[in-house]
Amino acid sequence: MAQLDIRPFTFNPPLLLVLIFFTFVVIGGCLLKLPMATVHSISWIDAFFISTSAATVTGLAPIDPGTTFTVFGETVIMLLIQVGGLGVMSFAVFFVILLGRKISIRQRQLMQEALNQPSFGGVIRLVIWLLVFSVTIECVAALLLSIRMVPEFGWGKGLFYSIFHAVSAFNNAGFALFSDNLIRYVGDPLINLTISGLIITGGLGFTVLAELLSERKFRKMSLHSRMMIIGTIALNVIAITGILLLEWHNAQTLGKLPLGEKLWAGYFQGITPRTAGFNTIDYSSMTTPGILLTIFLMFVGAGSTSTGGGIKLTTFIVLLAEIFSFLKRKPEVEIGKRTIGRHIVARALTIVLISLILVFVSVFILSITEQTSLERILFEVVSAFGTVGLSMGLTSHLTVYGKLVIMFVMFFGKIGPLTMAFSFSKRTKAKIRYPDEDIFTG
């Protein structure tokens, strides 16, 4: 070993997570390519695209899942969504516990990285809780959806559809087994409330949900949980109001609907861009301001440690607080009578900048490979990055190169900008500090 200068493998949790997730996607793609998984043969690129989309809980699909895949194929997609949404490592640790084996420090470090926790203390307890909680919520939601779907499709198909869409909605995947997604249920209160309830719950983040159930008084909750709850309510109200105002007279979206369905459609389209991907109207027919609002919502995304993607709502709030603090010339960033550390601000800024660079580069490449408008390309890329799954109809027309780009963006968006960056970087300790010097900015 010494003569060959072969160094032992250095444990790098971010890199290991990337490799594990990549292997998971590959296995899913191979299963979806099996003859028993599809009604008719599909290409390898489409199989891996669907696998990537399901595992990253995105929902973009170049082919119609409902008419292309058999029950086996749809079950594979559902399992990819479930495992991808809650985390490959979460299920791995759960099965290790069932086998009666102890969880090593290395496995705890992996779980800490996967769940974005500050330390690995109590992380195993969180894993067990989130699995039990998630399955319970999905079962309740499936029962509610079955009230509508069983009479429509019969017991077997109706129950399967109910379970599939409950899993897809809670994990913010956006996969639907209907060719029109959920447009047929645009005015259905049961479907709208159940699906949106799952989207909001899954998007809050597991640490917030755990605290909501354990802490009764809002003031005693952690700053993170309070920021997520208030931020989610505020952003949803702004989004719903914005969609209703911008699309109210658009004859191709809300304008043609009766008053009741208009309100339901505006409500649902205000909720779903938060990384969910379901739709009850045609996004390709939305006005330009409505599309831009949706792109903004998709980019911001859901909460940290949630099933959703995006830069995360708390990241956006921290950056807003930093801007206000700088403009008011305050030395520290303050939120809710608490001081936010400079390393957290730097982390938020890094996430946003890396994300913007990824979006720009991806849009630039697709503008070369795809013959379509910049608006549709930007919408598709941000949807993939935020693991949302909404589309203006571009997904089914992507070239092979376009599909590869979107697959990478979905993978990147799910893993997270920092995890991807840390997986290929090495921590260095500065031994030399150079003199300070000012530069001109702005």
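Not measured: the values here are computed from a predicted model. (Residues numbered from 1 in each chain as written. Predicted model: local features only at pLDDT ≥ 70, side-chain atom pairs only at ≥ 80, totals over all residues. Heavy atoms only, no water.)

For the protein, the count of helices and strands is 18 helices and two strands. Here the protein holds 442 residues, and 53% of them are scored as buried. Restricting to contacts in the protein with at least 6 residues of sequence separation, those with at least 24 account for 68%. Counting every atom, the protein has about 21700 Å² of accessible surface; 67% of that belongs to carbon and sulfur. (Helix = DSSP H or I, 4+ residues; strand = E, 2+ residues; numbered from the N terminus. Buried < 20%, exposed > 50% of the residue type's maximum accessible area, 1.4 Å probe, protein only. Contact = heavy atoms within 4.5 Å. Areas by Shrake-Rupley, 256 points an atom, 1.4 Å probe, with all protein chains shown as cover.)

Moving on, we come to the packing of helix H11 (residues 223–247) against helix H13 (residues 288–300). Running from amino to carboxyl end, H11 crosses H13 at an angle of 160°, the nearest separation of the two axes being 9 Å. As summarised for this structure, H11 and H13 are arranged roughly antiparallel, according to the angle between their axes. Between H11 and H13 lies a crossing of left-handed hand. For the pair formed by H11 and H13, the contact residues are Leu235, Ala239, Gly242, Ile243, Leu246 and Glu247 on the first element and Pro289, Gly290, Leu293, Thr294, Phe296, Leu297 and Val300 on the second. For the contact of H11 with H13, the class distribution of residues is nine nonpolar, three polar and one charged. (Axes fitted to C-alpha atoms, helices over the stretch in contact; angles between N-to-C directions. Parallel < 35°, antiparallel > 145°, perpendicular 65-115°, else oblique. Left-handed = near helix turned anticlockwise from the far one by under 90°. Nonpolar A, V, L, I, M, F, W, Y, C, P; charged D, E, K, R; others polar.)

What follows is about the environment of valine 300. Looking at the secondary structure, you find valine 300 in helix H13. Valine 300 sits in the buried class, given a relative accessible area of 1%. For the pair formed by valine 300 and phenylalanine 316, sequence separation is 16 residues and the distance between their alpha carbons is 6.7 Å. Not counting chain neighbours up to four residues away, the residues in contact with valine 300 comprise Leu235, Gly309, Gly310, Ile311, Lys312, Leu313 and Phe316.

Further remarks concern the pattern of salt bridges. All chains considered together, the criterion is met by five salt bridges. For arginine 148, the salt bridge is made with aspartate 188, and the minimal N-O distance between the two is 2.4 Å. Taken together, the positions of arginine 148 in helix H7 (residues 123–153) and aspartate 188 in the loop between helix H8 (155–170) and helix H9 (189–204) put the pair 40 residues apart, joining distant regions of the chain. Judged by its relative accessible area of 12%, aspartate 188 falls in the buried class. Among the ionic pairs, glutamate 152 bridges to arginine 184, the shortest N-O distance being 3.9 Å. Within this pair, whereas glutamate 152 is found in helix H7, its partner arginine 184 is found in the loop between H8 and H9, the two being separated by 32 residues in sequence. Its relative accessible area of 39% is what places glutamate 152 among the partly exposed residues. Through salt bridges with shared partners, one network takes in Glu152, Asp180 and Arg184. (Salt bridge = Lys/Arg side-chain N within 4 Å of Asp/Glu carboxyl O.)

A few words on unusual backbone geometry. Even without being glycine, asparagine 172 reaches a positive phi, approximately 55°. Checked against the element boundaries, asparagine 172 lands in the loop between H8 and H9. Note on asparagine 172: relative accessible area 0%, which makes it buried. Phi at threonine 387 takes a positive value of approximately 45°, unusual for a residue other than glycine. The exposure class of threonine 387 is buried, given its relative accessible area of 0%.

Summarising the element assignment, asparagine 279 is placed in the loop between helix H12 (259–271) and H13. C-alpha of asparagine 279 to C-alpha of aspartate 180: the two residues are 99 residues apart in sequence and 8.5 Å apart in space. Ignoring sequence-local partners within four residues, the contact set of asparagine 279 consists of Asp180, Asn181, Leu182, Ile183, Phe268, Gln269 and Leu390.

Right, let's talk about helix H17 (residues 400–415) for a bit. Given 3.6 residues per helical turn, the α-helix brings residues three or four places apart onto the same face. Across its 16 residues, H17 extends 23 Å between first and last C-alpha, which sits within 8% of the 22 Å expected from 1.5 Å per residue. Looking only at H17, the buried set comprises Gly402, Lys403, Val405, Ile406, Met407, Val409, Met410, Phe411, Phe412, Gly413 and Ile415. Note on H17: the residue one or two positions beyond its end, glycine 416, has a positive phi of about 105°. (Expected span 1.5 Å × (residues − 1).)

In this section: empty space enclosed by the protein. To find leftover empty space, a probe the size of one water molecule is rolled over the atoms. Summed over the entire model, instances satisfying the criterion amount to one cavity of 30 Å³ or more. Of the voids in this model, the largest cavity is the one considered here, and its volume is about 60 Å³. As for the largest cavity, its lining consists of Asn172, Ile199, Ile200, Gly203, Leu204, Thr232, Asn236, Ile271, Arg274 and Ala302. Mapped onto the lining of the largest cavity, the elements with two or more residues apiece are H9 and H11. Counted by class, the lining of the largest cavity contains five nonpolar, four polar and one charged residues. (1 Å grid on protein atoms, 1.4 Å probe; cavity = no way out; pocket = protein on both sides within 12 Å on 5 of 7 lines; lining within 4 Å. Points joined across faces, edges and corners; volume = space filled by probe spheres on them.)

Further remarks concern the environment of glycine 59. Relative to the elements of secondary structure, glycine 59 occurs in the loop between helix H2 (44–55) and helix H3 (65–68). Through-space distance from the C-alpha of glycine 59 to that of phenylalanine 175 is 4.7 Å; in sequence the pair is 116 residues apart. Setting aside chain neighbours within four positions, we find glycine 59 in contact with Ser53, Ala173, Gly174, Phe175 and Gly389.

Before going further, it helps to spend a moment on the packing of aromatic side chains. Under the criterion given, the structure shown has 14 aromatic pairs. A connected cluster of aromatic rings, assembled from ring pairs, spans Phe21, Phe22, Phe24 and Phe411. In this arrangement the basic side chain of lysine 33 is found over the ring face of tryptophan 44, its NZ or CZ atom lying 5.2 Å from the centre. (Phe/Tyr/Trp six-rings, centres within 6.5 Å; stacked < 30°, edge-to-face > 60°. Lys NZ or Arg CZ within 6 Å of the ring centre and 35° of its normal.)

We now examine the side chain of asparagine 236. Assignment of secondary structure puts asparagine 236 in helix H11. With residues near it in sequence (within four places) discarded, asparagine 236 still touches Ile200, Gly270, Ile271 and Arg274.

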